[in-house]
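Descriptive structure summary
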Amino acid sequence: MLEVVHTNTAYRFLAAAPSGTAYAVSLNDSENRLHESTDGALTWHFKARHPNGNGFRVMTALSDGTLLADTARGALHFLSRSDDGGVTWREVLSLDTYRMLTPRSIVELDGTVYLLEYQAFSVEDVPIRLYASADRGQTWQARFTFLGHRHGHGLAADPTHHALWAFFGDTTRQTGTFRSTDAGRTWRQLLGGQQGCVVEGVVLADGGLLFGQDITYLPARPHIARLTPEGLYTELYPLTGPAYSTHALQGGGFVVGAAREPGGDIYPPTEVSTHVVGSLDGVTWEELLVYPRLDANANTRADVYYELPSGLLVLQFENVQGMGPGGRGYQLLRPVRR
């Protein structure tokens, strides 16, 4: 089970560095003002303002503490970088109208940092670029361009098998789950159609992938599923809605967030909430937490992307009743093993 130990309705959580320092923006202030917490996301203080006035949208903390953030100025997005704990920032890559979707839009593998871009300006196929950086995000080069897709959802890294996974959505034709074993230079599609619509997955010890599916329309329904490196697919547990996050706990076990989108025909009439489900072994799952939506016209989400050194999970909210502006905020959760 998950025990709620702290609720914050005033900040939108962004990232936690390996040191434990956390980053957020205030829900009552400009997004170009970054805030910092050094006491486990309990209290916050102003850290820095983006030098170009960009708003901080999505952030990833690398293993050495380097911060990479999707920052926006008007309709344009830029990848910004800080190597001093968020004190100073520099734009290192122009994403134009592409952007990051989640912190898992960026992963690191074998000394290289990768970024898979996402777009929301067209429902048609667009080129989706995989960028690579060999210097911790200071400079970037396009490593591969995916064609025939709409959304580059995210990436997962498998350091044991030196493999990179890439996930795409959202229509049946445009989805796909891919795997590369040559640093992203060539790719093999292992899953397609609705089954292959994934936002985030967790790499298992055997090199397989555990994930929740991003499915909102019949005939398929979303599940937590498992995929081997050879392409063997197994459904494990039915979800109430599309999954935007799958997280492996430091002490063992997994949590998945199932969203409630305003559209879709997979929901019963009474389903108006986002759900958090968990498993100790990745096989047997149970529902842990439920949060009703605030606005029926927006996505309702509860996602875990970060775990603090203390072992507390950071559950980030979007459009949830009882939270701050826009239904945003976060909770700190303690896993309790029975």
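Since the structure is predicted, the reported quantities are computational estimates derived from the model, not experimental observations.

1. Section: unusual backbone geometry
- The amide bond that connects G169 to the next residue, D170, takes the cis arrangement and shows omega of 10 degrees.
- With respect to the helices and strands, the residue D170 is situated in the loop between β17 (163-169) and β18 (176-180).
- Note the cis peptide between L218 and P219, where omega equals 20 degrees.
- Relative to the assigned elements, P219 resides in the loop between β21 (209-213) and β22 (223-227).
- Positive phi, close to 50 degrees, is recorded for H162, a residue that is not glycine.
- Look at H162 and you get partly exposed, because its relative accessible area is 45%.
- Positive phi is not limited to glycine here, since A183 has a value of about 60 degrees.
- Mapped onto the elements, A183 comes out in the loop between β18 and β19 (188-191).

2. Some details on the sheet that holds strand β26 (residues 273-279)
- Read from one edge to the other, the open sheet built from four strands follows the order β24-β25-β26-β27, with strand pairing classed as antiparallel. Only two strands of the sheet have a single neighbouring strand rather than two, namely β24 (243-248) and β27 (286-292). Taken over all neighbouring pairs, the strand axes of this sheet differ in orientation by 15 degrees on average, direction set aside.
- Of the strand pairs in this sheet, β24 and strand β25 (residues 254-258) are connected by five bridges, and their pairing is antiparallel. Across the sheet, A248 pairs through a bridge with F254, a residue of β25.

What counts as what
- Residues numbered from 1 in each chain as written.
- Predicted model: local features only at pLDDT ≥ 70, side-chain atom pairs only at ≥ 80, totals over all residues.
- Heavy atoms only, no water.
- Helix = DSSP H or I, 4+ residues; strand = E, 2+ residues; numbered from the N terminus.
- Buried < 20%, exposed > 50% of the residue type's maximum accessible area, 1.4 Å probe, protein only.
- Pairing = 2+ DSSP bridges.
- Axes fitted to C-alpha atoms, helices over the stretch in contact; angles between N-to-C directions.

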